[in-house]
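# Understanding the architecture of this molecule
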Amino acid sequence: MKSISRPFLHTLALCAVTATLIAGCGKKDEPVVQVEKKEVTKDVVKSVAAPTIEQTKAIAEEGFIYGLPLVMNYAVMNAFAVNRDSGQFKAPFNQIHCEANVFTHENTAVVTPNSDTPYCLLWVDLRAEPMVVSVPAVPKSRYYSLHLCDGNTFNYGFIGTRTTGPEAGDFLIVGPDWKGETPAGIKKVFRSSTQQSIVIFRTQLFSPADLPGVAKVQAGYKAQPLSAFLKQPPPAAAPAIDFPKIDDAMLKANFFDYLNFVLAFGPPGPEENEIRAKLASIGVGPGRTFDFKDLSPEHKAAVLQGMKDGDAKVDHAVANFGKNINGWNVGSAQGDRSYFDGNWLLRAVGARAGIYGLDAVEATYPMTRVDAAGEPLDSSKHTYTLTFAPGKLPPVNAFWSITMYDGTSQLLVKNAIGRYLINSPMLPGMKKNKDGSLTLYIQKDSPGKAKESNWLPSPNGPMFVVMRLYWPTETPPSIFPLGEGTWPPPGIIASK
């Protein structure tokens, strides 16, 4: 399987428009016609009329936007927990995989990866029974978080420094249909809206020499089925799932087949009924098969154009997301079900800009592709500086970082010194200006030994820069309210 990079995801909507079109508009076995004669699944309203060509195009566009995060999540889950030959496989379901190192340019399964908190990853399958996740006592000085994100890319809970504190504890993760009493000893119950879900463990790394300290914390993370926690016999195993393989070519063939598959693992919320009904009218829904090749030429073209338009709409929304402050886009496209409240475009923006991002209160992500003057960042044409005025470093309760990505792939950039970011733990080794300000040098080549401690290497071309404020302060100076806070991120300045 190829990496889930931005170009790969971009191909989701660019299905082969030049493919041979099958003649015979309105033939009896055409899915769009047949849907009039069949009862729509119980998840949506019944008797949905077959849409017109224009309606089909609009539904395909909205359906692509709605389904993009779900399919992106499935692609990552397949690579990490299902396909052992993916090159990105971590561990099977319900087993924690920890790495006492940070992401580098060689990690390509997730766009805009965080490289300053080593990860543990746990994919849970909650069909048979809930899972208990346990954390050790963690020193207050070391930030950590367990981020619970389901197949809908809803952030349904957090465990860690900000939310549950530094003490040890046991927490229960349950599926959408689970009914039961909270067992003794469980501090909190978290409910996923889908049967599969990811738990992302982030543990702060102070410096490369601190990796043993991170490993010690990671060794205390545990996951076990509820029956094992209660020392009871386990229930019957859930049926095996025939997970469909996924790669570029398969996605080009039919994006909606993957959406059909993942929709079966979570009941819709009330805000999903309308979009589910629309999708059902073109043959898309849980357990269905969307036979793109059998569509009429007109409907096939409408679906393709709708998906292409949806893809472009997501790209445009990402580029213009949030409020522009000195060239940085400041906003939040991550949250729980109630945060999105049916705003599928906002959810798609969060997935494409950086799937599995944290809620703003846990971490805020100013991001930019332009300098302070609004010109595209391109290290093949300019060198850049970013200067924090005296006493104006990012205001956080935990720590901050600035990470460099390739502007096209949104992946980390290979460089001579193996540095992918600059963060606050590095401050003691950095050089401040005479007035106490701090200048970062952003360029593809070294600024010279005297300035190399402050060098953030960049690609030889377009750049994408993400600032992360972990547990940002909520009292002045603060980035909150987002886009209007008393602390604005300073702009990136191009060389003259």
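Here's a quick rundown of the structure.

Basis of the calculations
- Residues numbered from 1 in each chain as written.
- Predicted model: local features only at pLDDT ≥ 70, side-chain atom pairs only at ≥ 80, totals over all residues.
- Heavy atoms only, no water.
- Buried < 20%, exposed > 50% of the residue type's maximum accessible area, 1.4 Å probe, protein only.
- Helix = DSSP H or I, 4+ residues; strand = E, 2+ residues; numbered from the N terminus.
- Pairing = 2+ DSSP bridges.
- Expected span 1.5 Å × (residues − 1).
- Bend = angle between axes of the 7 residues up to and from the residue.
- Axes fitted to C-alpha atoms, helices over the stretch in contact; angles between N-to-C directions.
- Parallel < 35°, antiparallel > 145°, perpendicular 65-115°, else oblique.
- Left-handed = near helix turned anticlockwise from the far one by under 90°.
- Contact = heavy atoms within 4.5 Å.
- Core = buried A, V, L, I, M, F, W, Y, C linked by side-chain atoms within 4.5 Å.
- Phe/Tyr/Trp six-rings, centres within 6.5 Å; stacked < 30°, edge-to-face > 60°.
- Lys NZ or Arg CZ within 6 Å of the ring centre and 35° of its normal.
- Salt bridge = Lys/Arg side-chain N within 4 Å of Asp/Glu carboxyl O.

As a further point, take the pairing of strand β2 (residues 119-125). Among the seven residues that make up β2, seven are buried, leaving the element largely enclosed by the rest of the structure. Side chains of β2 alternate between two faces, with Y119, L121, W123 and D125 and C120, L122 and V124 buried alike. One ladder, built from two bridges, connects strand β1 (residues 97-98) with β2; its direction is antiparallel. Directly across from C98, in β2, lies its bridge partner C120. With seven bridges joining them, β2 and strand β8 (residues 196-203) adopt antiparallel strand pairing. Each bridged residue has a counterpart across the sheet, and for V124 the counterpart in β8 is S197.

Another aspect to go through is helix α3 (residues 53-82). Residues spaced three or four apart along an α-helix point in a common direction, a consequence of the helix completing one turn every 3.6 residues. Look at α3: only 38 Å from first C-alpha to last across 30 residues, short of the 44 Å you get at 1.5 Å a residue. A bend of about 45° at G67 is the largest found in α3, and the proline P69 appears one to four places after it. Among the 30 residues of α3, 23 are classified as buried, and the element is accordingly described as predominantly covered.

Time to look at the packing of α3 against helix α7 (residues 255-263). Think of two packed helices as two axes; the pair is described by the angle between the axes and how far apart they sit. For the pair α3 and α7, the least separation of the axes is 9 Å and the interaxial angle reads 65°. In terms of their interaxial angle, α3 and α7 are classed as roughly perpendicular. Crossing of α3 against α7: the hand is left-handed. Note on element contacts: α7 touches α3 through F255, F256, Y258, L259, F261, V262 and L263, opposite A60, G63, F64, Y66, G67, L68, L70, V71 and Y74.

Within the secondary structure layout, V330 lies in strand β11 (residues 328-330). Look past the residues within four positions of V330 in its chain and what remains in contact with it is G322, K323, I325, P366, I479, L482, G483 and P489.

Note on soluble globular proteins: their nonpolar side chains tend to be buried together. Counting residues in each nonpolar core, the largest one holds 75 residues, and the members touching the most others are W123, F256 and L259. Within the residue set of this core, elements represented by two or more residues are α3, β2, β8, α7, α8 (273-280), α9 (297-319), α11 (344-354) and β19 (463-470). Discounting residues that sit within four places of it in the chain, W123 has contacts with N73, V76, M77, F80, A81, F93, N94, S197, I198 and Y356. With 27 residues, the next largest nonpolar core counts Y384, L386, M430 and L440 among its residues.

Turning next to the packing of aromatic side chains. By the definition in use, this model includes 20 aromatic pairs. Plain terms: the ring middles of F93 and F243 are 5.8 Å apart, the flat faces sit at 25° to each other, and that makes the pair stacked. Of this pair, F93 sits in the loop between α3 and β1 while F243 sits in the loop between α5 (226-229) and α6 (248-253), and the two are 150 residues apart along the sequence. Across the pair, exposure class does not vary: F93 and F243 are buried alike. When the centroid spacing of 6.2 Å and the interplanar angle of 40° are considered together, the rings of Y405 and F464 count as tilted. Separated by 59 residues along the polypeptide, Y405 in strand β15 (residues 400-406) and F464 in strand β19 bring together distant segments of the chain. Like F464, Y405 is buried. In this structure an aromatic cluster arises from ring pairing among Y74, F93, F243, Y258, F261 and F265. Taking NZ or CZ as reference, R369 lies 4.2 Å from the ring centre of F464, over its face.

This part covers unusual backbone geometry. P476 connects to P477 through a cis peptide bond whose omega is -5°. Structurally, P477 can be placed in the loop between β19 and β20 (492-494). That bond from F480 to P481 is cis: its omega, -10°, falls within 30 degrees of zero. Here P481 is to be found in the loop between β19 and β20.

Taken as a whole and assessed by the stated rule, the structure comprises 15 salt bridges. Salt-bridge contacts for E61 lead to K313; the nearest nitrogen and oxygen are separated by 2.7 Å. Placement of E61 in helix α3 and of K313 in helix α9 is noted, with a sequence separation of 252 residues between them. The class for E61 is buried, based on a relative accessible area of 13%. Notably, a salt bridge pairs D125 with R127, separated by 2.9 Å at the nearest N-O pair. Judged by relative accessible area, D125 falls into the buried class, the value being 13%. Through salt bridges with shared partners, a single network forms among E271, E272, R276 and R337.

What follows concerns the sheet that holds strand β5 (residues 155-160). Overall, antiparallel pairing links the five strands, which are arranged β1-β2-β8-β4-β5 in an open sheet. For this open sheet the edge positions go to β1 and β5, each flanked by a neighbour on one side alone. Against the sheet, α3 engages β2, β4 (144-150) and β8, with an angle of about 105° to β2. Strands β1, β2 and β8 of the sheet are contacted by helix α4 (residues 211-218), whose axis makes an angle of about 140° with β8.

Turning next to the sheet that holds strand β18 (residues 455-457). Taken together, the four strands give an open sheet; going across it, the order is β18-β17-β14-β20, and neighbouring strands pair in mixed fashion. At either margin of the open sheet sits one strand with a lone partner, and together these are β18 and β20. On average, each strand axis in the sheet is tilted by 30° relative to the strand beside it, whichever way the strands run. Pairing of strand β17 (residues 438-443) with β18 involves three bridges; the strand directions are parallel. Of the residues in β18, the one forming a bridge with I442 is L456.

Nothing here speaks to function; it is geometry throughout.
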